[in-house]
Amino acid sequence: MFYPEAGMERCTAALLLEVDAVALVRRGKGKGRGGAPDAALAQYVNDRPYAASSLLAVALAQVFKTALHGVCRALPERAAAPMPLRIEVPVLPARGGAALVRELFGPLGWTTVDAEPLPLDAEFPEWGDSRYVRLVLEGEGLRLADALNQLYVLLPVLDDAKHYWVAPDEVDKLLRAGEGWLAAHPRRELITTRYLSRRRSLAREASERLELVRLAEADGLDVEDVDNAVDEASDTEERPVPLAEHRRAAILAALRAAGAARVLDLGCGQGQLVQELLKDVRFTEIVGVDVSVRALTVAARRLRLDRMGERQAARVKLVQGSLAYTDKRLGGYDAAVLSEVIEHLDLPRLPALEYAVFGAARPRTVVVTTPNVEYNVRWESLPAGHVRHGDHRFEWTRAEFRAWAAAVAERYGYGVEFAPVGADDPEVGAPTQMGVFTWTGAEAGNDEKEKEGRA
Ligand code: SAH
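What this report covers is the structure whose coordinates are included nearby. Since the model is a prediction, treat every value here as computed from it, not as a measurement.

## Observations regarding the packing of aromatic side chains
Then, number 1: This structure, assessed with the given rule, holds 11 aromatic pairs.
Then, number 2: Taken together, a centroid distance of 5.3 Å and an interplanar angle of 90° make the contact between Phe358 and Tyr414 edge-to-face. Placement of Phe358 in helix α15 (residues 350-361) and of Tyr414 in strand β11 (residues 414-421) is noted, with a sequence separation of 56 residues between them.
Then, number 3: Given the relative accessible area of 1%, Phe358 is considered buried.
Then, number 4: Between Phe401 and Trp404, the aromatic rings sit 6.0 Å apart at their centres with planes inclined by 20°, giving stacked as the arrangement. With Phe401 and Trp404 both in helix α16 (residues 398-412) and 3 residues apart, the pair spans about one turn of that helix.

## Re the packing of helix α5 (residues 97-105) against helix α6 (residues 144-159)
Then, number 1: One can describe the packing of α5 onto α6 by two numbers: an axis separation of 11 Å at closest approach and a directional angle of 155°. Of the possible angle classes, the one that applies to α5 and α6 is roughly antiparallel. In this structure, the crossing between α5 and α6 has a hand that is right-handed. Contact with α5, carried on its side by Leu100, Val101, Leu104 and Phe105, involves Gln150, Leu151, Leu154, Val157 and Leu158 of α6 and no other residues of that element.
Then, number 2: Taken together, the residues of the contact of α5 with α6 sort by class into 8 nonpolar, 1 polar and no charged.

## Observations concerning the sheet that holds strand β7 (residues 285-290)
Then, number 1: Pairing is mixed in the open sheet, where 7 strands are placed in the order β8-β7-β6-β9-β10-β12-β11. One side of each edge strand has no neighbouring strand; the edge strands of this open sheet are β8 (316-320) and β11. Put simply, the sheet's adjacent strands are angled 15° from each other on average, direction ignored.
Then, number 2: This element, helix α11 (residues 243-257), spans β6 (262-266), β9 (335-339), β10 (365-371), β11 and β12 (432-439) of the sheet and lies at about 15° to β12.

## Structural notes on the nonpolar core
Then, number 1: Ranked by size, the top nonpolar core spans 49 residues in total, and within it Leu92, Val101, Phe105, Trp110, Val153, Leu154 and Ile191 carry the most contacts.
Then, number 2: Looking at this core, the element that brings in the most residues is α6, giving 9 residues.
Then, number 3: Setting aside chain neighbours within four positions, we find Val101 in contact with Leu92, Ala94, Gly106, Val113, Ala115, Val133, Leu135 and Leu158.
Then, number 4: In this structure, Tyr333, Val341, Ala361 and Trp396 belong to the second largest nonpolar core, which totals 31 residues.

## Some remarks on the sheet that holds strand β5 (residues 129-139)
Then, number 1: The 3 strands are arranged β3-β5-β4 in an open sheet whose pairing can be described as antiparallel. Two strands lie at the open edges of the sheet, namely β3 (85-93) and β4 (112-119), each paired on one side alone. The sheet shows a mean angle of 15° between the axes of neighbouring strands, direction not considered.
Then, number 2: Note that β4 and β5 share 7 bridges and pair antiparallel. Each residue of the ladder has a partner; that of Asp114, found in β5, is Val136.

## Remarks on the packing of α6 against helix α8 (residues 188-195)
Then, number 1: At a closest axis distance of 9 Å, the pairing of α6 and α8 adopts a crossing angle of 75°. Judged by the angle between their axes, α6 and α8 are roughly perpendicular. Each of Tyr152, Val153, Leu154, Pro156, Val157 and Leu158 in α6 lies in contact with α8, whose residues at this interface are Leu190, Ile191, Arg194 and Tyr195.
Then, number 2: Classifying every residue of the contact of α6 with α8 gives 9 nonpolar, no polar and 1 charged.

## Here we look at α5
Then, number 1: The set of residues buried in α5 consists of Ala98, Leu100, Val101, Leu104 and Phe105. Relative to the axis of α5, the buried residues are bounded by an arc of 160° and lie together on one face.
Then, number 2: Looking at the buried side of α5, the elements it contacts are β3, β4, β5, α6 and α8.

## So, helix α13 (residues 293-303)
Then, number 1: Among the residues of α13, Ala295, Leu296, Val298, Ala299, Arg302 and Leu303 are the ones counted as buried. The buried residues of α13 occupy one face: seen down the axis, they fall within an arc of 160°.
Then, number 2: Between the side-chain oxygen of the N-cap and the backbone nitrogen of Ala295 there are 2.9 Å, and the N-cap of α13 in question is Ser292.
Then, number 3: Of the residues trailing α13, Arg304 is marked for its positive phi of about 50°.

Reading the values: the criteria
- Residues numbered from 1 in each chain as written.
- Predicted model: local features only at pLDDT ≥ 70, side-chain atom pairs only at ≥ 80, totals over all residues.
- Heavy atoms only, no water.
- Phe/Tyr/Trp six-rings, centres within 6.5 Å; stacked < 30°, edge-to-face > 60°.
- Helix = DSSP H or I, 4+ residues; strand = E, 2+ residues; numbered from the N terminus.
- Buried < 20%, exposed > 50% of the residue type's maximum accessible area, 1.4 Å probe, protein only.
- Axes fitted to C-alpha atoms, helices over the stretch in contact; angles between N-to-C directions.
- Parallel < 35°, antiparallel > 145°, perpendicular 65-115°, else oblique.
- Left-handed = near helix turned anticlockwise from the far one by under 90°.
- Contact = heavy atoms within 4.5 Å.
- Nonpolar A, V, L, I, M, F, W, Y, C, P; charged D, E, K, R; others polar.
- Pairing = 2+ DSSP bridges.
- Core = buried A, V, L, I, M, F, W, Y, C linked by side-chain atoms within 4.5 Å.
- Arc of directions from axis to C-beta.
- Polar contact = N/O pair within 3.5 Å; in protein donor to acceptor, adjacent residues only side chain to side chain.

Set out below in structure tokens:
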């Protein structure tokens, strides 16, 4: 928090948010299943540090906690009364553009709602505008708490990419922050669906409760009582097991079935699978490989590598490397896992990975998982035609994956079997598809040696 100016006439409070990706990921983990499996921050390059995203909304709620609740012990009358306010958000990600920003803040009592689109690149105006705007709000009729609550809800709504898993109590949070302005807002539906990350069941619940609030407000009833009554009636939905957990379970089962002991996790990311592997003593040597140093740093912290006992530490190694290059360090292992990795490579680079893994490292078993694009229509939160992750270079249908896998198996002397991961939809299949490759020992001599070695 900075106060660039603090005088009798005017005070400016500037909140600068520095995003600590590592801390965020660790906190997400602390909540157990609360962490989103594909958290925006797991991506490598993004706008989070530079834009007023949903992260800023969370920061607002923490830094201005009492102000947000309209509490000021020293000057309670100040907090309770409207005051002249000017709010500036220099870089606001706005899905829906400046027009939507005006629609959202317009009905909320400001005298000025200025949303100015920012150019994609100031030096190349011909490239047009970005999806970011500079927002200035001015007014005299609002309490500071009103302004903060509006921002708390509307920043993530405009950002439209919440960074944490939406939990059932989000509805309560939304209703609390929306008190006095959301129930009667003309864009209430959009606000609730986006705020709740398009989880339809939650959005419906919020919507029904808000409608009751609106009716109660119109009738002059005590809003709180109505709200509590509805609260008790509405059943909170059970949270499904995250897909990432299903995936790890399927991979572990495949590795166990293959009798693998020394395992490579290629593109290990933040080390969740490595962590699971460590729990089972049959996996005697586990190597996590990733091109991203940041991911490896997070993985090392997750595993507490620095505080690990000697025996455990001897079982696990994290190494940096690119799978697009042949790497001697990867030779001689029982199995390799490529979990949600191939789709991160540009298609023309994929044959290089195929050679590095199946041709050069050549473990006996290779487990590959990748999204099944056919399933995308079943994701409530996924706009039509979008891939699941900003960094996915492609997502395949089941037929495409099978064709690719069969060709790779054929070329490098493997057999391959397929399995669905996650709820298998009769029409579009499961959300994740898995291929388990087993080396068939194309050259007879190798096969004998292999058998001897295993015996
Ligand atoms: N296997 C993990 C992470 C998947 S995300 C899981 O299932 O959750 C994809 C990972 O692949 C990222 O961590 C990314 O850094 C890594 N990756 C992408 N391209 C790579 C490459 N060429 N070489 C090594 N790792 C790569």
